[in-house]
Structure formats: C-alpha cells, structure tokens
Amino acid sequence: MGLRERLAGRRVLVTGLTGFMGEALLERLLSDFPDTSVVALVRPRGSHSGAARLTRMMRKPAFRGLREQYGAAGLVELVSRRVEVIEGDLASVPDLPGDIDVVVHCAGEVSFDPPIDDAFRINVGGLQELVRALRAGGACPHLVHVSTAYVAGLRSGHIAEGPLAHEVDWRVEQAFAGRAREQIEDASRAPENSERFHGAARKRFAAAGARTVSSEAERLRREWVARRLVAAGGERAQVLGWTDAYTFTKALGERWLEEHHGDLPLTVVRPSIIESALSRPFPGWIEGFKMAEPLILAYGRGELPDFPASPDAVVDIIPVDLVVNATLAAAATVPPVDQPAYYTVCSGFRNPLRFWELYEHVREYFLADPLPAPGRGAIGVPQWPFAGAAAAEARLRRSELVVGVAGRVLSQVPASQRVRGWAGQLERAQSRVAFLRRYSDVYRAYTKAELVYVDDATRVLHESMDAADQVDFGFDPRCFDWEHYLRRVHCPAVTAVLRRPRAAAVPRRLSGHLPAGSGTLAVFDLDGAVAAASVIESYLWMRLADEGVFGRVRELAGLAAALPGYARAERRDRGHLMRAVYARYAGVDPGELERLVAEVAGDVLLGRVRPAGIRRVREHRAAGHRTVLLTGALEVLTAPLAPLFDDVVAARLEVGADGLYTGRLASSPLVGDARAAFVEHHARTVGADLSVSWAYADSQSDLPLLRSVGHPVAVNPDVALHQVARGASWPIEEWAVAGGSRLVVGSRRERRVLAAAGRARVGASGAGGVR
C-alpha cells in the first residue's frame, strides 16, 4: 500500500504549522494527500486570528503551485474545507478533538541561544501541555515528535538511532529553569548592579537629564537579565554535555515523552541541519535564515575571514523536503506502543560533506558569481586559512578592541558632517563584529562536536516504501550531489535577496509636504539646529563687539582658561554650562546688550542661520502649525528671528537693584528633561497634540524633547544623538550655513528691519519668557 493510501482518511494534527518545516509539511499534505484532513494548532497574533493567519499563509511562495492550480480564491476554499484550525499555543493548548489519528509535533523553540526559562517552557512544557490536551479530548493518536539530531550532545564518533544515554533528571532541570528568571531578576536589582547600570547610563546620557538616564539604566538592566538567562541556559547545557539550551531542552523533552507517552505510539524524528528544498515546493525554497545562511552571506560580503572549524569535520545538512518526506513516512508507520521508533534524517553517514568541501563549493560559487558592491563593482571573498579556534578568537578580540577604542574616541570629537560619516562607518563595523561574536559563540560548541549520525533505521524506512513512493516521497541522502545542491540550488536561493536591483540607500529625509492642522506644534532648537551658534559663541559676539585689542585678548584668554571646565559641565549637565557662561554677564547693562544685538550680534546671528532650517519653519507656518523656538540662548539674542515663530522660549538674566545683570538666570534653564516637560505643558495649554507634532534638535541633551513628539528630527546631530536617531529610524538632516542665508532672511537692511520687529515683539512678551 502506498503512502497516500496509508494516510487516507486520517486526521493529522500539526503543530508549528507557520514555521519552516510546518509550512513545507502543509504544502505537501494539501498537494499530494487529498484524502487526508489536517487539524492545525495556530496561535493568534495581534489582531489576526489563527484562521486568518493560515489564510494569509496561502499567499507565501511555498503555496505558489497550489495557487496556480486552484487560483487564489480556490486555494482559500480548499484550505477551509481540508484544514480545521484550533486556536492556541504550547503554553495553553485547548482540549483537542478525540478523533485525531496522527500528531506531527513540529513546534518548538529553535533558536540556539534562547533564555533558559523560555527553552524549557516551550520544548519541555509544550510537550507536556500537548499530551495533556490530547488525553483530555480522549484521543489516542500516533505521536510523531520532530526533534533534532543534535540531542546527541557533545560527543564524538558515530551516533546510532535510539534512546539517548544520559542520567539527567528533567524534573530537577525544569524546576531550576523555572526559578532562574526570578533569581536573575532579583540579582539585577542588587545595589551593586543597579549602580553599575545607572553609572553606565549616566556616562552616556547625563546631559539629557535624570529621566533619560533612569530609562536607559532600566533598559540596561533588562538587557542584562536577558543575557544572563541566555547564558544560564548555555552554561547549564554545556556542563551537562550539550551544545546549547536548544539541544539540551530538546533532549529532555524526548526523555519526558519516553516516560509519559503511555498508550500513545511514539516516533521521534531527528533531522540534522535543515536547509533549503531540493525540489519541493520548488528548488531552493527557504523561509528565513537557518543555520548556514548567515555565514554564507557574511562570507559572500567579504566579512568572514575565517571560521573556527576543523576542515575535515562533517557538516550534516539535509534539504527540508527530504525531512518532510521522512516525517510523512514515519507518520504512516505506527510502531508498537512499548517500542518507540527513532529516525535520524541526515546526510553525514551516507553522503558526507566535509567542512572544507562546503567552503570550496561556496567559495567557487562566489568567485563565479560575486555579490555586487554598489558603486564599487563586485565583492571579493577571502581565502580561509582554517587557522583554528584559538586564532579566530584572537582575531575577533582584536577587532572588538579596535571598534571599542574607536567608539570612545569618536564620542569625544566635536560634531560635524565628517564625524557623523565616521560614526556611521563605525556603527557598521560594530555591527559586523557583533555578528561575528554572536555566531562564533553559538557555533563554537558545534564545531567541537565531531559527530557522524548513523541513519540505519531511516534507510530501512525508506526501503520499505514501494518504488513509486521512493520516487515521489524519497529521503535517501544519496539522491543528490553537493556541488549541484550548493552551487545551483542553495547559494542562489539565499543570495537572491542581495542581488535584486535596489535604489541606492539614502538616509531618511523630510518631505516638503506637511499635513495642515492647527493642533500641531513645531519646536525648533536654535543652537546648532536653526543656527550654527552656541551660548559661548553668542557671548563672544556681544562681549567683544565694543572691546579694543587688549580687551579682546584679555577676554579670550579668560575664556580659553575656562573652556575645559565648560566642556566638563556640558557633558555632565548643560544647565551647568549655561549658568557658568551667563555668570560672565554680571555687571552688563541690559540696554547696552540690546544695542549690541541691534548693531552687531543680531546681524552676526542672521549670518549664521541655516537656510534649510528657516525654510522648514516657514513650511510649518504655511501648514498652520504653531512654531516654537526653544533655546538656551538669551532672549535678547533671539530678537532677529522672533517674527518667524509663534512662541519664543529663551533664557533670561536676572536684573539687580542697580539695573545691571547679576549674572544669574531668572529661572531654571530648560535643558534635558525640563524641555520635554515644558513642551508637554505648552501643548496642553495651546490645545496641541504631541503625537502629530514635530521637534528639531542637534544634541543628545535634547533626547527627552525629541522623544516627546510624534515626529522627531535630528539636525546636524552629535555622535550620541546620531546613534540614537539611526537606531530609531528618525530623519537625520544636514542643514548647512551658506551664503544662501541672505536669500532666505533678506538683505542686510531687511534683516535690520526684521531684527527691530523682533525686539519689539520680545519686549512685549513680559517676564515669562513665552509669548
């Protein structure tokens, strides 16, 4: 009897249907088993029900042949008739129908470095919940559990099919994993760790204010918890003889099943490294990146100079459609209840691929058809020396050291367009090094385990099928050769996405079109964004305007001596810098300062205006938005630009009884968190919606402001803000100062008229600092 006939009339429950293997299995069942019905356990996601997710799956490439055969609507109708969807996941499986004949359990945590509690919850607890739900519904199906060949662990030599030989108690390990998160969460809140997280956050974001520092410290704490949970799983696995938490929990899941399957016939299918399809649903079909793809792509991009593997070790790869065929054959072959069946679906025993052969095939593929380097021709690939794990680790550590030092140096360099370009290059280098570190750590244990999986039982299963089924549903690993599979099928499939014609990557830029609306704020920082100025520069413009040569030399010398302290103050708290600089105004006549702005400094400021910034202000005004100039500069200095804004929020100096400035601010400076708090209050006052509002700023101290609105824009950002903006996909603008500023704000005479109007408006604003 053929395989189709043996599964005809059966109800097959499939878990993990939306995963790589589950998708391939469903395609095969729908295409070639017309008399077999499917029950699918599918987890709802967001607003999509399990049934809706299954319907959306039918649009994917794996089902292209079925769409061509039935049409899109016909395929949806076929699925609704052939597949019963049960909503749920492995954390809480509803009671299952009592008429299920076969269960193919494909679901599981398949990443190599999951948190220990997640790995146990899914790979052990999920099995426990599945069997409970089957028994609750009264079903007694043949249970086919898809595991992995790597449950064999850190061993060497030939590995036979059959139960694993180990004495590890799954009960103890599952209980430990259940306590791990609580223990690590508690440890993360210990005083020494809290201080460490807070110190690191303060070092990076002190200028942005306490709330930003606290938020960053909490983010660092959560990241630490996640890393410790991953490390706990990997460490415990390797202590007990497995490569990682994935293989460890898969092995303990098998042991639990062996002890608790009871009257359910049990088959365990152990595939090796599952990769792209040999022929079904079509050659090269793959969903997402599996184990080998990231390394192949990194090598093709010239980013993988070596790999810590033994060149003569076997790399056990098996195409996904061979695994699906073996699983279907196993599902149709019910073992005695007291004699579970074990099948290893692999290639290493009967069609071995050595690591050096894999390297040679991939290298020859890229030499013949290299990846394109936009604007630079083709990418060359390195020649691996196979220098060994120690040499590869030493090289990686040197790279980590270099990018670490470069990052620290760059963080101290003044912001400029060139520095931002360097920062982008450094981020890419850091990303490459982090990639190499992750995969080096993940694969290190696998490269040490020099195993050969024996597939004698799987061979017998294949030979037990009739000749026609061996052709249609075969899984003999000798049916293909590696040169054809790697060079003609697999590598072209995984590199296709990098070969598609793409427009040159450009940073996200602003559109000139702004939606109209009176409930929108547009908040602009003056210093560094709208104008190329700082509180120190503005002080010099006004302080030196009426000084003679000796007075200028004296003032510049005093300022030079103070600059290191100002730099330290700005890194610590921008408010300290403002107080320190404005203290130098002590004894200045306010009227005299206004005269200097009108006659000298105002004209200098207008000459430092960024044309793109002024255009953007006018675009917001044309759209009916309320424009706000929010700056740490003195209010008198903003007079030339005041007519462009609905509100001007600037620093004011206290005037003493003698009518002169005391050198003290009239109120606390709006810096860091205070800017966000002000904007939130101002939005409530004027009836604006911050979720549709805009903010433009250049410094990491402005992060709270930028994060308070729906449309943050980094303008000529410093390195710290540039990194945050890139990570958050915020627009990054380069607004230059150029001669064109005269075209934007008018001739010298027009600018003087504009400045006079600004002084009148500022003078009418009273003592509050906001008009």
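Going by the structure above, here's the rest.
Residues numbered from 1 in each chain as written. Predicted model: local features only at pLDDT ≥ 70, side-chain atom pairs only at ≥ 80, totals over all residues. Heavy atoms only, no water.

1. Notes on helix α12 (residues 293-300)
Here is step 1: Burial analysis of α12 places 8 of its 8 residues in the buried class, the great majority of the element.
Here is step 2: Listed as buried for α12 are Glu293, Pro294, Leu295, Ile296, Leu297, Ala298, Tyr299 and Gly300.
Here is step 3: The positive-phi residue at the C-terminal boundary of α12 is glycine 302, with phi of around 75°. (Buried < 20%, exposed > 50% of the residue type's maximum accessible area, 1.4 Å probe, protein only. Helix = DSSP H or I, 4+ residues; strand = E, 2+ residues; numbered from the N terminus.)

2. A word on a nonpolar patch on the surface
Here is step 1: On the surface, a cluster of nonpolar side chains totalling about 320 Å² of accessible area is made up of Leu401, Val405, Val409 and Val413.
Here is step 2: Counting through the fold element by element, valine 409 comes out in helix α15 (residues 389-410). (Patch = residues over 30% accessible without salt bridge, like charges linked within 9 Å, V, L, I, M, F, W, Y side chains within 5 Å. Areas by Shrake-Rupley, 256 points an atom, 1.4 Å probe, with all protein chains shown as cover. Salt bridge = Lys/Arg side-chain N within 4 Å of Asp/Glu carboxyl O.)

3. Quick word on the sheet that holds strand β10 (residues 341-345)
Here is step 1: Sheet architecture is open: 7 strands sit in the order β3-β2-β1-β4-β5-β7-β10, paired in parallel fashion. On the outer flanks of this sheet lie β3 (83-87) and β10, each paired with one strand and no other. Each strand of the sheet is rotated relative to its neighbour by a mean of 20°, with strand direction disregarded.
Here is step 2: Here 5 bridges tie strand β2 (residues 37-42) to β3, and the two strands are oriented parallel to one another. Counted as the bridge partner of leucine 41 is isoleucine 86 from β3. (Pairing = 2+ DSSP bridges. Axes fitted to C-alpha atoms, helices over the stretch in contact; angles between N-to-C directions.)

4. Some details on the packing of helix α6 (residues 116-123) against helix α7 (residues 125-137)
Here is step 1: The N-to-C vectors of α6 and α7 enclose an angle of 25°; their axes lie 3 Å apart at closest approach. Taken together, the axis directions place α6 and α7 in an arrangement best described as roughly parallel. The segment α6 lies against α7, with Phe120, Arg121, Ile122 and Asn123 engaging Gly125, Gly126 and Leu127.
Here is step 2: Broken down by class, the residue content of the contact of α6 with α7 amounts to 3 nonpolar, 3 polar and 1 charged. (Parallel < 35°, antiparallel > 145°, perpendicular 65-115°, else oblique. Contact = heavy atoms within 4.5 Å. Nonpolar A, V, L, I, M, F, W, Y, C, P; charged D, E, K, R; others polar.)

5. Remarks on the environment of valine 79
Here is step 1: Checked against the element boundaries, valine 79 lands in helix α5 (residues 72-82).
Here is step 2: Along the backbone, valine 79 and serine 37 are 42 residues apart, and their C-alpha atoms lie at a distance of 9.8 Å.
Here is step 3: For valine 79, the contacting residues outside a window of four places in its chain are Leu30, Leu54 and Met58.

6. A short note on the packing of aromatic side chains
Here is step 1: As enumerated under the stated definition, the model contains 25 aromatic pairs in all.
Here is step 2: Here tryptophan 242 and phenylalanine 248 contribute two aromatic rings whose centre-to-centre distance is 5.4 Å and whose plane-to-plane angle is 40°, an arrangement assigned as tilted. Just as tryptophan 242 is buried, phenylalanine 248 falls in that class too.
Here is step 3: Geometrically, the ring pair formed by tyrosine 299 and phenylalanine 366 is tilted, given 6.2 Å between the ring centres and 55° between the ring planes. Of this pair, tyrosine 299 sits in helix α12 while phenylalanine 366 is found in helix α14 (residues 355-368), placing the two residues 67 residues apart along the sequence. Per residue, the accessibility class of tyrosine 299 equals that of phenylalanine 366, and both read buried.
Here is step 4: Ring-pair connections join several aromatic residues into one group, and the members of that group are Tyr299, Phe307, Phe355, Tyr359, Tyr365, Phe366, Trp384 and Phe386.
Here is step 5: Over the ring of tryptophan 694 we find arginine 616; its NZ or CZ atom is 5.1 Å from the centre of that ring. (Phe/Tyr/Trp six-rings, centres within 6.5 Å; stacked < 30°, edge-to-face > 60°. Lys NZ or Arg CZ within 6 Å of the ring centre and 35° of its normal.)

7. Section: the nonpolar core
Here is step 1: By size, the foremost hydrophobic cluster in this structure holds 99 residues, and its most contacted members are Leu26 and Phe63.
Here is step 2: Top element by residues in this core is helix α13 (residues 320-331). It accounts for 9 residues.
Here is step 3: Ignoring anything within four residues of it in the chain, the contact list for leucine 26 reads Leu17, Val38, Leu54, Met57, Met58, Phe63 and Val83.
Here is step 4: Within the second largest apolar cluster, 72 residues are counted, among which are Val93, Ala180, Val268 and Ala697. (Core = buried A, V, L, I, M, F, W, Y, C linked by side-chain atoms within 4.5 Å.)

8. Here we look at the packing of α14 against helix α19 (residues 482-499)
Here is step 1: The interhelical angle for the contact between α14 and α19, taken along N-to-C directions, is 55°, at an axis separation of 10 Å. Between α14 and α19, the angle falls in the class oblique. You can see that α14 and α19 cross each other, and the crossing is right-handed. Together, Leu358, Glu360, His361, Val362, Glu364, Tyr365 and Phe366 of α14 and Trp482, Glu483, Leu486, Arg487, Cys491, Pro492, Thr495 and Arg499 of α19 make up the contact between the two elements.
Here is step 2: Across the contact of α14 with α19, the residue classes break down as 8 nonpolar, 2 polar and 5 charged. (Left-handed = near helix turned anticlockwise from the far one by under 90°.)

9. A look at the pairing of strand β20 (residues 711-715)
Here is step 1: Counted residue by residue, β20 has 4 buried out of 5 residues, so it is predominantly covered.
Here is step 2: Pairing geometry for strand β19 (residues 694-697) and β20, over 4 bridges, is parallel. Looking across to β20, one finds that alanine 695 is bridged to proline 712.
Here is step 3: In the sheet, β20 pairs with strand β21 (residues 732-733) via 2 bridges, with the strands oriented parallel.

10. Description of the pattern of salt bridges
Two side chains with opposite charge may pair up if their charged atoms get near one another.
Here is step 1: Throughout the structure, instances matching the rule amount to 47 salt bridges.
Here is step 2: For the salt bridge of glutamate 235 with arginine 228, the shortest nitrogen-to-oxygen distance reads 3.8 Å.
Here is step 3: Residue arginine 228 is classed as partly exposed on the basis of its relative accessible area of 30%.

11. Comments concerning the environment of leucine 660
Here is step 1: Note that leucine 660 resides in the loop between β17 (653-655) and β18 (661-665).
Here is step 2: Between the C-alpha atom of leucine 660 and that of glycine 591, which follows or precedes it by 69 residues, the distance is 9.1 Å.

12. Digging into helix α8 (residues 170-188)
Here is step 1: Between the first and last C-alpha of α8 there are 27 Å, a value that for 19 residues agrees with the 27 Å anticipated at 1.5 Å per step.
Here is step 2: The sharpest bend along α8 reaches about 35° and sits at alanine 180.
Here is step 3: Among all positions of α8, only Trp170, Glu173, Ala177, Ala180, Ile184 and Ser188 are buried.
Here is step 4: Where α8 is buried, its residues touch α6, α7, α9 (191-205), α10 (210-239) and α11 (245-260).
Here is step 5: The distance from a side-chain oxygen at the start of α8 to the backbone nitrogen of arginine 171 is 2.8 Å, and the residue carrying that oxygen is aspartate 169. (Expected span 1.5 Å × (residues − 1). Bend = angle between axes of the 7 residues up to and from the residue. Polar contact = N/O pair within 3.5 Å; in protein donor to acceptor, adjacent residues only side chain to side chain.)

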